[in-house]
2 protein chains.
Amino acid sequence: MDKVIRSLIIKGIRLNVTNNKAVKYGCKKFHTSSTHAVELTSVRYPKLKRGNYSRVTDSDIALFERILPGAERVITDPSELDGYNTDWIKNCRGASQLLLKPKTTEDVSAILKICNERNLAVVPQGGNTGLVGGSVPVFDEVIISTLQMNEIISLDELSGTLTCQAGCILGNLDNYVSEYNLTMPLDLGAKGSCHIGGNLATNAGGLRLLRYGSLHGSVLGLEAVLPDGEIVDCMSSLRKDNTGYDVKQLFIGSEGTLGIITKAAILCPQRPQAVNVAFLGVDSFSSVLEVFKETKKNLAEILSAFEFLDTETLRVGTDNLKMSSPISNHPFYVLIETSGSNSAHDEEKLTQFLEYMMTSGKVLDGTVAAETSKIQHIWNLRERVAEGLMHDGYCYKYDVSLPLLHFYDLVEDMRERLGDKVTRVVGYGHVGDGNLHFNVTTPEYDSEVMGLIEPYIYDWVAKYKGSISAEHGLGFKKRQFIYHSKSRSAVKVMKNIKQILDPKGIMNPYKTLPDD
Amino acid sequence: MDKVIRSLIIKGIRLNVTNNKAVKYGCKKFHTSSTHAVELTSVRYPKLKRGNYSRVTDSDIALFERILPGAERVITDPSELDGYNTDWIKNCRGASQLLLKPKTTEDVSAILKICNERNLAVVPQGGNTGLVGGSVPVFDEVIISTLQMNEIISLDELSGTLTCQAGCILGNLDNYVSEYNLTMPLDLGAKGSCHIGGNLATNAGGLRLLRYGSLHGSVLGLEAVLPDGEIVDCMSSLRKDNTGYDVKQLFIGSEGTLGIITKAAILCPQRPQAVNVAFLGVDSFSSVLEVFKETKKNLAEILSAFEFLDTETLRVGTDNLKMSSPISNHPFYVLIETSGSNSAHDEEKLTQFLEYMMTSGKVLDGTVAAETSKIQHIWNLRERVAEGLMHDGYCYKYDVSLPLLHFYDLVEDMRERLGDKVTRVVGYGHVGDGNLHFNVTTPEYDSEVMGLIEPYIYDWVAKYKGSISAEHGLGFKKRQFIYHSKSRSAVKVMKNIKQILDPKGIMNPYKTLPDD
């Protein structure tokens, strides 16, 4: 039970402020359900042709076994490979016959050198929590997993710089740096299984980008191996280093198509001593925006998250996951998190602000939590949406950026368009970053529904100059729509870069860049 | 006069807290002194050979005059060109015979297309406030100035995104966004004349990187023109957009060697309502670090700057610029700035913290300012150092990143090494970013002194895995030392990128990348 330390009743509504404790989030492990039902990607997309790559031979396997001695490092057992061939949202399934588990950068270099010489296509894989089919094979690419590259190399307490291998799990890193009063600059639902290398490769955004900015700012150093085995060492741990082009930036967000990230140095901010979370009910999306505007003004430097859920999204938690809502039903919900160094100051700011918002009628109902379990409960309503949607059967996932003024129109338009052909249409996400998660569910994959959603949704987003992938990347599923968000000239530069770094095209083929 | 609202006397030392007002910084214009005394770069570096570029002809000039009609857009008058040929610290002087002033992206595209076809080398120039000779010609490169590209295109108040042309002056942009309660995410001494395009091209760091992060994080969109005239449009104004490689990052910090930045979209944070500045005296550099550690812990989210000056640096202000110091003499000084949304909260945090630091004996003396003029006075002691050093004659400027533990050892070592051969050896800068400004002065350029400083200083920095250029870039003066801070593999990738974007090598030659 929360210890209620303050209770406001404004316009007949009780607003509780509970006692304050610094929060340490637990790590959640995503469970991959049985994968046998998942259609092979090559079957679902019959027009897609396998590239002219070699096929893995017994002598290749023998060579890899010499490079990676010891048990469980060269996997060829089909039943064991199945989980690595399939993405966790059961959208994509490849048919790789070989998984390799390097431990060191030198292992990765040796593997890639052989693959490049032998013209074997590869797919790098971290925690396999991606949402666009980027981390699983499309055909029979060799899977190079970072599962055994999980060493924390160093932590400079004074500057806050963490150096680690690419296969470290985000949640583990956050637990580690928390012992030094630091926090990882990114946080996302998959933190219990996603690898930091995958986070970097996909430029993961997540829940606190609003506060700590993008990985393009907080990654200080990076090491990657190019397809020919060359190790590109950009492993600075300095906050400022303007000596030549910032080569490491190329790998951030390139989804494993230019090389494999093997190490990183990341700037970790001071861990907040006081965390408060407010969960508010409002009557319309325009009220969500008004609350956002006022939140930025009033909570400024302590604001660490501003999320919204529509009422259908909340029902995913209450119906599918049997969670309870801390407030009564409303058309929209806002989750505001503050993080600061002085709990009394933060609570005063937050309470004053909410009192004003409720008095003004912009907020209809709300609860404020500062106690760990209640904060976690509220966050679960937001973070477990992706998991809850899976209970409906198949999920059509979209993750777009839109100007805030048109942000929710997309959901309303699509809900009308899809009608009763689907189980659910939901909109939720990071209002603070202009990032909408738009999801549709059906009992199973339905090509008619897919035909109604795509390319309509991409045209819609392009019309308002949004991004067809805010934080999930393009991966396999969205690469052909890149021109909806990027200019011809920018894609031309991308293709030139791909050509010089991966001339044979063995690195994660069929991903990110469109076919000509 | 400051209105003292609180006065602490701790250990016999008075600590004043003055009344609070939000601060609006003025814009300072750097003055370029007479340039006739500056030796031509081609004379000072006789071994450097001019590249095999064409020379500007009368028919070229006639063509440019057709592209850029109107007065003052095609400059060929040698006396007028002199200021543009010379950098403001009088270190470098080129011999360009042609300056062009485009107004639009299309103008830039048309100019570059001709230059590329004609094999004419070019140097892009913004406010010409660079410190490594990157913005002036080395030989007779055509100067393309962004002076007339100064349009503010749009401001999205809700998201805080400012869109503008590259030639806008940073200080003007900050004044503009301040009307909407926003602030530019970067601030530096040259803000009164530097152009935002130049800031981006050099990845300027400045005084508040500690708070708002690097430009790699806060630039949302960018437009650049490649040497062949192709306009690369990456002009997203979205906070999140993971659709393909982040091409715009390549131009940030490339010092005009890959293309000319013509437009940008920049995320502007909420403008702080309350600003406080503390100026403290401490007895040693290890005390500076202890104060920094405690500052991070106690002021966390409101900390916006942590700067230090050694006693010799303060004397540059008091001796050369006749400024007064607000506290008595000490071996080291620390400038702490806080920026927040609630002045009472911030003052309470800051005062409690300083009381603790003075009681513990780590801080010997201090003053706290919240009133605009006093804040500005304290900041001037820090911001006008570069200007003050020029009064000594010639300044050997270094801007390095070093691990904090070895940060000040460099200054002490060099002071001993140079002895009485020089006027002054000073160390100051952004402790919070691990960024030391190390400067030496002599009455005039002295090759013996230069021989004692370089390459010794670069070897010293490399030994501690620092950066030989934290925020100034490599430009003309430091490019040959790139391997002291970057790996061979990283520089190889840079050269490959240069080759595909600028195959003829016309873009700002002799800059950033080393000779083979």
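Definitions and cut-offs
Residues numbered from 1 in each chain as written. Chains lettered and ligands numbered in written order. Predicted model: local features only at pLDDT ≥ 70, side-chain atom pairs only at ≥ 80, totals over all residues. Heavy atoms only, no water. Least-squares fit on C-alpha atoms with pLDDT ≥ 70 in both. Contact = heavy atoms within 4.5 Å. Pairing = 2+ DSSP bridges. Helix = DSSP H or I, 4+ residues; strand = E, 2+ residues; numbered from the N terminus. Domains from an automatic or database assignment. Buried area = accessible area lost by both parts, 1.4 Å probe. Salt bridge = Lys/Arg side-chain N within 4 Å of Asp/Glu carboxyl O. Polar contact = N/O pair within 3.5 Å; in protein donor to acceptor, adjacent residues only side chain to side chain. Nonpolar A, V, L, I, M, F, W, Y, C, P; charged D, E, K, R; others polar. Axes fitted to C-alpha atoms, helices over the stretch in contact; angles between N-to-C directions. Left-handed = near helix turned anticlockwise from the far one by under 90°.

### Some thoughts on the relation of the copies chain A and chain B
With an axial shift of 0.0 Å and an RMSD of 0.0 Å, the rotation relating chain A to chain B amounts to 180°. Here the symmetry operator amounts to a two-fold rotation axis. Among all residues of chain A, the one whose C-alpha sits closest to the rotation axis is Gly217 of chain A, at a distance of 2.2 Å. Counting the interface residues of chain A, we find that 100% of their copies in chain B are interface residues as well, pointing to one common contact surface.

### Quick word on the pairing of strand β7 (residues 152-156) of chain A
All names here are of chain A. With four bridges joining them, β7 and strand β8 (residues 161-165) adopt antiparallel strand pairing. Its bridge partner being in β8, Ser154 is matched across the sheet by Thr163. Here β7 folds back onto β8 in antiparallel fashion, the turn holding four residues, of which Gly160 has a positive phi close to 85°.

### Some points on the domain arrangement of chain A
Residue and element names in this part refer to chain A. With domains assigned, chain A is organised as domain 1 (3-30 + 272-386), domain 2 (41-145), domain 3 (152-267) and domain 4 (393-485). For domain 2 and domain 3, the distance between their C-alpha centres works out to 23 Å. With 15 residues of domain 2 at the interface, the matching set in domain 3 holds 17 residues. Carbon and sulfur atoms make up 65% of the surface buried where domain 2 meets domain 3, a total of about 1,200 Å² over both sides. Summed over the shared surface of domain 2 and domain 3, the number is zero salt bridges. Seen at the junction of domain 2 and domain 3, the total is three residue pairs in polar contact (both at pLDDT 80 or more). If one sorts the elements of the side of domain 2 that touches domain 3 by residue count, helix α4 (residues 105-118) sits on top with seven residues. For the side of domain 2 that touches domain 3, the residue count by class is five nonpolar, seven polar and three charged.

### Notes on the interface of chain A and chain B
Every contact between the two is made by 87 residues of chain A and, on the other side, 87 residues of chain B. For the pairing of chain A and chain B, the buried interface totals around 6,700 Å² over both sides, and the portion due to carbon and sulfur atoms is 58%. Among the residues chain A hides against chain B, the three largest losses belong to Lys240, Asn242 and Tyr245 of chain A. Together they make up 16% of the total. The interface formed by chain A and chain B contains eight salt bridges. For the interface between chain A and chain B, the tally reads 47 residue pairs in polar contact (both at pLDDT 80 or more). The set of elements that each furnish at least two residues to the side of chain A that touches chain B consists of α7 (209-212), α8 (215-218), β10 (231-234), α9 (248-251), α10 (285-299), α12 (343-359) and α18 (488-501) of chain A. Of the residues assigned to the side of chain A that touches chain B, the class counts are 29 nonpolar, 37 polar and 21 charged.

### A short note on the sheet that holds strand β7 (residues 152-156) of chain B
All names here are of chain B. Taken in spatial order, the five strands of this open sheet run β7-β8-β11-β9-β10, and their pairing is antiparallel. Sheet topology places β7 and β10 (231-234) at the edges, where each strand pairs with a single neighbour. Mean inter-strand twist for the sheet, computed between neighbouring axes without regard to direction, equals 10°.

### Overview of the packing of helix α10 (residues 285-299) of chain B against helix α12 (residues 343-359) of chain B
Residue and element names in this part refer to chain B. Orientation of α10 relative to α12, taken along the N-to-C sense of each, is 145°, at an axis distance of 11 Å. Here the hand of the crossing between α10 and α12 comes out right-handed. On α12, the residues touching Glu290, Val291, Glu294, Thr295, Asn298 and Leu299 of α10 are Lys349, Leu350, Phe353, Tyr356 and Met357. Split by residue class, the contact of α10 with α12 holds six nonpolar, two polar and three charged.

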